[in-house]
Amino acid sequence: QVQLVESGGGLVQPGGSLRLSCAASGFTLESYSIGWFRQAPGKEREGVSCIGRSYGRIYYADSVKGRFTISRDNAKNTVYLQMNSLKPEDTAVYYCAATSNYVGSYSWAHVTYPYWGQGTQVTVSS
């Protein structure tokens, strides 16, 4: 069974940091493009970041560029999202998703992702 499991969410004060993990089973993450998405109450789902398969080009939403870093550990079949300088507007449920598609700068947030995790809650509040 193909599964993605997110972990690492929690409550953090503004300016703090969290590292989210996306662990895959049933397939090899190395052969997939992996996206991070988030959805806040009353808001549409938003693409946060993506790391492409093979060449591994990286994409970020403008709202997180310079603060978040996506990375991959193929040996552990895990993708990470390091989140620094967190803001209250980063509060959301964060999901990871996988697609076998090769993605580009204009497509990464909108291509079909067949596989999704259950999400992990990130709350940024003082």
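Before reading further, recall that the structure is shown in the block above.
A brief look at the structure comes next. (Residues numbered from 1 in each chain as written. Predicted model: local features only at pLDDT ≥ 70, side-chain atom pairs only at ≥ 80, totals over all residues. Heavy atoms only, no water.)

1. Description of the pairing of strand 3 (residues 18-25)
And then number 1: When strand 1 (residues 3-7) meets strand 3, the two strands line up antiparallel, connected through five bridges. Among the inter-strand pairings, glutamine 3 is bridged to a residue of strand 3, identified as serine 25.
And then number 2: As paired elements, strand 3 and strand 8 (residues 78-83) share six bridges and run antiparallel to each other. Of the residues in strand 8, the one forming a bridge with cysteine 22 is valine 79. (Pairing = 2+ DSSP bridges. Helix = DSSP H or I, 4+ residues; strand = E, 2+ residues; numbered from the N terminus.)

2. Looking at the side chain of serine 49
And then number 1: Note that serine 49 resides in strand 5 (residues 46-51).
And then number 2: A polar contact of 2.9 Å, which involves the side chain of serine 49, links it to the backbone oxygen of tyrosine 59.
And then number 3: Setting aside anything within four residues of it in sequence, one finds serine 49 in contact with Ile34, Gly35, Trp36, Tyr59, Tyr60, Ile70, Leu81 and Trp108. (Polar contact = N/O pair within 3.5 Å; in protein donor to acceptor, adjacent residues only side chain to side chain. Contact = heavy atoms within 4.5 Å.)

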